[in-house]
Amino acid sequence: MISMLNLKAWHSIVALPLFCILATLGMVSCADNLSLVSPPIVKHIDLTQEGVAADFDFRVTAHDVYYFSILFKYPSGNRDEKSRIRKIIGGYELDKNGNPKEPGNLTPISLEIYKVNTDSKLIVYKKTIIPILTGWSDGSFTKIIGRCDLVTGEYKVVLKSLKHAKEYESISTSFVIDRDKYKSSFDTKKIDKSKTCPQ
């Protein structure tokens, strides 16, 4: 009887710390997953240096079409600052050859989006582009990079600046990922989830 009691006590002594360790590991894993940001995402970036401007993981919680863009901010209502930044980033009108009439200081970039699986990464979006002005509001200008339908899951984004553009030092610049509200007719049931976005 004593030996049986001792054996049960020994099991309890071993099992409790083991349970605590496993629970802690589980909590860390859950915390890591919960820490991933989800769209809408706005990340401050630096286009004044050539190289990686953004490198982070994020989570998609709803299968939908998402757009990627660069946002240039200025003080709301400040017309002088708006005009100054507008000259730097360029205009939206194109000539007959498809080139911007007012190119400004061009910002060539490359964007790669990876779908992160348990033991691998699959590239689902890859684009090198010199984005032009596509929209503006009171306080900001926008340059759209592209769009892609993303299924739920974890992703990694790598955005690179391909030019040293010191003119952008005085401009608050951000990289944006958000659901494309203009794709209101998007039907996830009609999308082949095994396909990647156009390269």
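Residues numbered from 1 in each chain as written. Predicted model: local features only at pLDDT ≥ 70, side-chain atom pairs only at ≥ 80, totals over all residues. Heavy atoms only, no water.

Undergrad: Explain the overall build of the protein chain to me, please; I cannot follow it from the model alone.
TA: Along the protein chain, the regular secondary structure elements total two helices and nine strands. Its helices and strands taken in sequence order, the protein chain reads α-β-β-β-α-β-β-β-β-β-β from the N to the C terminus. For the protein chain, the proportion of its 199 residues judged to be buried stands at 35%. In the protein chain, once contacts between residues fewer than 6 apart in sequence are set aside, the share between residues at least 24 apart is 74%. For the protein chain, the accessible area works out to roughly 12400 Å², and carbon and sulfur atoms hold 55% of it. (Helix = DSSP H or I, 4+ residues; strand = E, 2+ residues; numbered from the N terminus. Buried < 20%, exposed > 50% of the residue type's maximum accessible area, 1.4 Å probe, protein only. Contact = heavy atoms within 4.5 Å. Areas by Shrake-Rupley, 256 points an atom, 1.4 Å probe, with all protein chains shown as cover.)

Undergrad: Is there a simple way to think about the sheet that holds strand β9 (residues 172-179) in this case?
TA: Two orientations exist for strands paired in a sheet by backbone hydrogen bonds: parallel and antiparallel. Read across the sheet, five strands follow the order β1-β9-β3-β7-β6 without closing on themselves; strand pairing throughout is antiparallel. Strands at the two margins of the open sheet, each flanked by one partner only, are β1 (41-44) and β6 (135-137). Going from strand to strand, the sheet's axes swing by 25° on average, the running direction of each strand aside. Two elements, β6 and strand β7 (residues 140-150), share three bridges in a ladder whose sense is antiparallel. Counted as the bridge partner of G135 is T142 from β7. Strand contacts of helix α2 (residues 79-89): β3 (64-73) and β7, with the helix running at about 50° to β7, the strand carrying the most contacts. (Pairing = 2+ DSSP bridges. Axes fitted to C-alpha atoms, helices over the stretch in contact; angles between N-to-C directions.)

Undergrad: Quick question: what am I supposed to make of α2 here?
TA: Because each turn of an α-helix spans 3.6 residues, side chains separated by three or four positions in sequence point in the same direction. Along α2, the residues that are buried comprise I85, I88 and I89. One face of α2 carries all of its buried residues, which in axial projection span an arc of 85°. Turned more than 90 degrees from where α2 packs its buried face, R79, D80 and K87 sit exposed. In this structure, the buried side of α2 is in contact with β3 and β7. Between a side-chain oxygen at the N-terminus of α2 and the backbone nitrogen of D80 the separation is 3.3 Å; the capping residue is N78. In the stretch just after α2, G90 is the one whose phi turns positive, near 90°. (Arc of directions from axis to C-beta. Polar contact = N/O pair within 3.5 Å; in protein donor to acceptor, adjacent residues only side chain to side chain.)

Undergrad: Looking at this structure, I do not really get the confidence of the model for the protein chain. What am I missing?
TA: Atom-level detail of predicted coordinates should not be read off regions where pLDDT is low. Per-residue confidence for the protein chain gives a mean pLDDT of 82, with 74% of residues at or over 70. Low pLDDT, under 50, characterises residues 18-31; the stretch is placed with zero contacts to residues that sit more than four places away or in other chains. (pLDDT = per-residue confidence, 0-100.)

Undergrad: Could you clarify how one ought to interpret the environment of I41 in this entry?
TA: Note on placement: I41 falls in strand β1. Once you skip the residues sitting within four places of it in the chain, I41 turns out to touch F56, F58, F175, V176 and I177.

Undergrad: Explain unusual backbone geometry to me, please; I cannot follow it from the model alone.
TA: Note on backbone geometry: most residues besides glycine have negative phi, and most peptide bonds are trans. A cis geometry characterises the amide bond from P39 onward to P40, with omega recorded as 5°. Positionally, P40 belongs in the loop between α1 (2-34) and β1.

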